[in-house]
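Now for the letters of each chain:
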Amino acid sequence: MTKILSAIAMGFAVHSAYAGNITDINVSSLPDNQKIIKIKFDKEVVTPRGFITTTPARIALDFTGTNIQLPQPVLEYADPLLSQITAAQNENRARILLGLNKAGQYNTEIKGNEVWVYVNEASNTTDTSPSQNKTRVSNSPVVHTSAPAQKEQVVASANIDFRKGIRDSGIVELSAPSFTGEPAIKKQNDRITITLKNHPLPTQAQRSLDVSDFNTPVRNVTMKRIGNDTQIVIRNKGSWDSKVQSANGRFNIEIMPKTNIASKGLDKKPKQNFNGRKISLDFQDIEVRTILQILAKESGMNIVASDTVNGKMTLSLKDVPWDQALDLVMQARNLDMRRQGNIINVAPRDELLAKDKAALQAEKEIEDLGPLLSQTFQLKYKNVEEFRDILRLDENGGSGADRNSLLSNRGSALIDPATNTLIITDNRVVMRKFQRLIEELDVPTRQVMVEARIVEANDGFSRDIGVKFGYTGVRNNSSWGSNWTNAVNNFGTNVDNQRTRANAILSGSNTIPTTTPLEMNPNISLPVTSATASIALVRAISSGALGLELTAMQEQSKGKIISNPRVLTQDRKAATIESGSEIPYEEATSSGATSVTFKKAVLGLTVTPNITPDGQVIMNVRINKDTPVDCVTGGIATKCISTKQLQTQAMVEDGGTLIVGGIYEEENGDTVNKVPLLGDIPVLGNLFKSRAHQETRRELLIFITPRIMDNLGSNLRY
């Protein structure tokens, strides 16, 4: 009994020693460079006790009564804040050690079977006391643990991070401290490509972040090595704009959504913000030029008034920003301003508009009279012939006066299909437009793998029933039969047999032949297969015979035809799949001769995919099923084509399946073959007939699955 109680007590002790197990650790990112470390338990979540050190920057979290069951005790991250997570076990205590690249602070929260640890940069790096932490932190002593040997850390030459900015913008932070120089930035309609020349990246440091859940224009951020360079690709959706800031080897790329004018409304004016120093003015019948002079002194700006600015005003303003006061003065006196640096030029609105118009007119004249430049653009992905329609070029390479083209009146464009090169000759402004245009248009087209599964199910039944009837006979030296063969074979059969038997008896032979004088061969020619039953009736008096053969056949056929063609096509390019044959037919020419032409009779599928900005696929589908049939044209038997066609448009998600069906055919047939007159006799006429019954059902189903082929590879959820 004592042993049993001891075993039970030991079992309770083990259970209390390890209340739960840490089974998984995941890391997520929040705006403002904040991280969430999610520590998952299989049962009985424990609140941690921890402390912070600044040299080195670490956060230690202790979980009492907890065991560690992780597939990998050391996790490494290429992140500006978090560098490493180490899990170690010491008796009945589990320690999670967070290695940081800079001093940080944390707070914890229990959610379900997980402990969420929020980590961000410390607001005061000089204070290292645990009182920085917001919740559930205590001054526990440092516990020395036998941590496992750490893996060799990969030193990355560049790191990327993502956070959400204000007004639904996405900010990509690129850290490359050892990079010297300016990165090459290329903007396209759906991505930004940043290349760090001669700055290699370790293969283990390549990353791909899927940030579509943040609801910003940024969908995916990929950092990879291209030869001896490091390339960062930021893929975006919708209409967007970008802004790049750099300082001390850190680059911030902000992707901002563009404002939709239609959603805001054309009648709404943009809101104007005034943030100048507040002033108070109280004047009566004061010159406008004097007011401008006072505003210049209060603001510290240089305000230059035109000679045409005059008149008087009465003002009473209190605690108003100086720029708002200036705006009120200009609106009251129909004035406008042009600002260059810290100089503001104030003049009547009509006067400034006339100056702007004159400047633009002079610039246009300079463009028209200025020198022409020539530049060649060798296209990488687009066909140069497509630019003939884009530029509205004629055969001579110019654009007519009545055409709306990017080229100026003096400009021209030449196309060289052999080298896929576009040669533009025009002024400097038009040349810059072409550079931006080709950067946006000459991009690799996305491709779609269209997989079609064509299923044709067959179900058939047939049955044949028929009769063969005939007779033969012999009398003396004469013979007769139901056909010529019977009559010839039976001619003289009885006489020859009698003579042979008499000779055998006279010669004393022991072998007397017993050949039959009759041969059975029913003669009614009906479309019946080999007989399954036969009946013969012999009449001894007249040496005649009556033969009857019966046949019956039943057959069931069930089949399924499956084909699985695949084709890879570009976005907005038609893909065609055909299976069938070609039927020849004759055509008469103008000279009276005939020629043979072939007409297709195929099962054809034509699909044109269209990739939408949100990753869906719109498909234009056309299906035609042509079947050759026998027909009579002008009294001549020939081949005709029975056509069935289906055409539709549908939107399917990437990897989804569109099912097209409804092409169903059923054929029922009864055929009766009979002997004229005899086959029409009631009841007995069945002996002179054969019947065939056939049923056939066919159904065609087509399954179409589009898959968008992406050259960026698989994404890692971040």
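The present account deals with the structure reproduced in this document.

Definitions and cut-offs
Residues numbered from 1 in each chain as written. Predicted model: local features only at pLDDT ≥ 70, side-chain atom pairs only at ≥ 80, totals over all residues. Heavy atoms only, no water. Helix = DSSP H or I, 4+ residues; strand = E, 2+ residues; numbered from the N terminus. Buried < 20%, exposed > 50% of the residue type's maximum accessible area, 1.4 Å probe, protein only. Contact = heavy atoms within 4.5 Å. Areas by Shrake-Rupley, 256 points an atom, 1.4 Å probe, with all protein chains shown as cover. Phe/Tyr/Trp six-rings, centres within 6.5 Å; stacked < 30°, edge-to-face > 60°. Lys NZ or Arg CZ within 6 Å of the ring centre and 35° of its normal. Polar contact = N/O pair within 3.5 Å; in protein donor to acceptor, adjacent residues only side chain to side chain. Pairing = 2+ DSSP bridges. Axes fitted to C-alpha atoms, helices over the stretch in contact; angles between N-to-C directions. Parallel < 35°, antiparallel > 145°, perpendicular 65-115°, else oblique. Left-handed = near helix turned anticlockwise from the far one by under 90°. Nonpolar A, V, L, I, M, F, W, Y, C, P; charged D, E, K, R; others polar. Disulfide = S-S within 2.5 Å. Salt bridge = Lys/Arg side-chain N within 4 Å of Asp/Glu carboxyl O. Patch = residues over 30% accessible without salt bridge, like charges linked within 9 Å, V, L, I, M, F, W, Y side chains within 5 Å. Lys, Arg positive; Asp, Glu negative; His and termini not counted. Charge placed at Lys NZ, Arg CZ, Asp CG, Glu CD.

What to know about the overall build of the protein
Move 1: Along the backbone of the protein there are nine helices and 39 strands.
Move 2: Taken across its 718 residues, the protein has 36% of its residues classed as buried.
Move 3: Counting contacts in the protein only where the partners sit at least 6 residues apart, residues at least 24 apart contribute 61% of the total.
Move 4: As displayed, the protein has an accessible area near 43000 Å², and 50% of this comes from carbon and sulfur atoms.

Some points on the packing of aromatic side chains
Move 1: Per the counting criterion, the structure on display carries three aromatic pairs.
Move 2: Taking 5.3 Å as the distance between ring centres and 65° as the angle between the ring planes, the aromatic pair formed by F162 and F214 counts as edge-to-face. With a gap of 52 residues between them, F162 in strand β11 (residues 159-164) and F214 in the loop between β15 (207-210) and β16 (218-226) connect regions that are remote in the sequence.
Move 3: A cation sits over an aromatic face here: K38 above W116, 4.5 Å from the ring centre.

A closer look at the environment of N427
Move 1: Here N427 is to be found in the loop between β27 (421-426) and α7 (428-441).
Move 2: The buried category is assigned to N427, whose relative accessible area is 5%.
Move 3: In this view, N427 contacts E367, P371, L372 and S408; residues no more than four positions away in its chain are not counted.
Move 4: Only 3.5 Å separates the side chain of N427 from the side chain of D426, close enough to count as a polar contact.
Move 5: A polar atom in the side chain of N427 sits 2.9 Å from the backbone nitrogen of V430.

Observations concerning the sheet that holds strand β26 (residues 412-416)
Move 1: Strand order in the open sheet formed by three strands is β25-β27-β26, with antiparallel pairing between adjacent strands. One side of each edge strand has no neighbouring strand; the edge strands of this open sheet are β25 (373-378) and β26. For this sheet, the mean inter-axis angle between neighbouring strands, taken without regard to orientation, is 15°.
Move 2: Bridge count for β25 against β27 is six bridges, and the pairing is antiparallel. Directly across from Q375, in β27, lies its bridge partner I424.

Some thoughts on the sheet that holds strand β12 (residues 170-175)
Move 1: Reading across from one edge, β11-β12-β19-β18 is the order of the four strands in this open sheet, with antiparallel pairing throughout. Both outer strands of the open sheet, β11 and β18 (240-247), are each paired with one neighbouring strand and no more. Neighbour-to-neighbour, the strand axes of the sheet open up by a mean angle of 20°, direction not taken into account.
Move 2: Of the pairings in the sheet, the one linking β12 to strand β19 (residues 250-257) comprises six bridges and is antiparallel in character. Pairing of G170 across the sheet is with I255, part of β19.

Notes on the packing of helix α3 (residues 288-299) against helix α4 (residues 322-332)
Angle between the axes and distance between the axes: these two values describe a pair of packed helices.
Move 1: Two numbers describe how α3 lies on α4: the axes approach to 10 Å, and their chain directions differ by 165°. Considered as vectors, α3 and α4 are oriented roughly antiparallel to each other. As for the relative orientation of α3 and α4, their crossing is left-handed in sense. Contact residues: V288, I291, L292, L295 and S299 in α3; W322, A325, L326 and V329 in α4.
Move 2: Classifying every residue of the contact of α3 with α4 gives eight nonpolar, one polar and no charged.

Overview of the state of the cysteines
Move 1: Throughout the structure, instances matching the rule amount to one disulfide.
Move 2: Linked covalently through their sulfurs, C631 and C640 form a disulfide whose S-S length is 1.7 Å. Across the disulfide from C631 to C640, rotation about the S-S bond amounts to roughly 70°, and the bridge is consequently right-handed.
Move 3: Residue C631 is classed as buried on the basis of its relative accessible area of 18%.

Some details on unusual backbone geometry
Backbone geometry follows two general trends: most residues other than glycine have a negative phi, and most peptide bonds adopt the trans configuration.
Move 1: Look at N215: it is not a glycine, yet its phi comes out positive at around 60°.
Move 2: Mapped onto the elements, N215 comes out in the loop between β15 and β16.
Move 3: In this structure N215 comes out as exposed when scored by relative accessible area, which is 52%.

A short note on the pairing of strand β1 (residues 20-30)
Along any regular strand, the residues point their side chains to alternate faces of the sheet.
Move 1: By the bridge criterion, three bridges tie β1 to strand β5 (residues 66-68) in an arrangement that is parallel. Across the sheet, I22 pairs through a bridge with I68, a residue of β5.
Move 2: With eight bridges joining them, β1 and strand β2 (residues 34-41) adopt antiparallel strand pairing. Residue pairing across strands places I22 opposite F41, the latter belonging to β2.
Move 3: Adjacent in sequence and paired antiparallel, β1 and β2 are bridged by three residues, among which D32 carries a positive phi angle near 60°.

What about the pattern of salt bridges?
Move 1: With the rule as written, the count across this model stands at 20 salt bridges.
Move 2: A salt bridge links D229 to K197; the shortest N-O distance between them is 3.9 Å. In this pair, D229 is assigned in strand β17 (residues 229-236) and K197 in the loop between β14 (191-196) and β15, connecting sequence segments 32 residues apart.
Move 3: Residue classification places D229 among the buried residues on the basis of a relative accessible area of 16%.

Thoughts on a positive patch on the surface
Move 1: Taken together, the side chains of R428, R432, K433 and R436 present a region of like positive charge at the surface.
Move 2: Along the polypeptide, R428 turns up in helix α7.

Let's talk about the pairing of β26
Move 1: The alternating pattern of β26 places A413 and I415 on a buried face and S412, L414 and D416 on a face that is not buried.
Move 2: Between β26 and β27, which pair antiparallel in sequence order, lie four residues; one of them, N420, sits at a positive phi of approximately 55°.

What to know about the environment of S28
Move 1: By the secondary structure assignment, S28 is in strand β1.
Move 2: Exposure remark for S28: the relative accessible area of 22% places this residue in the partly exposed category.
Move 3: Among all residues touching S28, those that are not within four sequence positions of it are Q34, K35, I36 and K38.

Overview of α4
Move 1: Those residues of α4 lying buried are W322, D323, A325, L326, D327, V329 and M330.
Move 2: Positioned one or two residues after α4, N334 has a phi angle of 55°, which is positive.

Some remarks on a nonpolar patch on the surface
Move 1: On the surface, a cluster of nonpolar side chains totalling about 320 Å² of accessible area is made up of L678, I681, L684 and L687.
Move 2: Position of I681 among the secondary structure elements: in the loop between β37 (658-674) and β38 (689-709).
Move 3: A relative accessible area of 35% places I681 in the partly exposed class.

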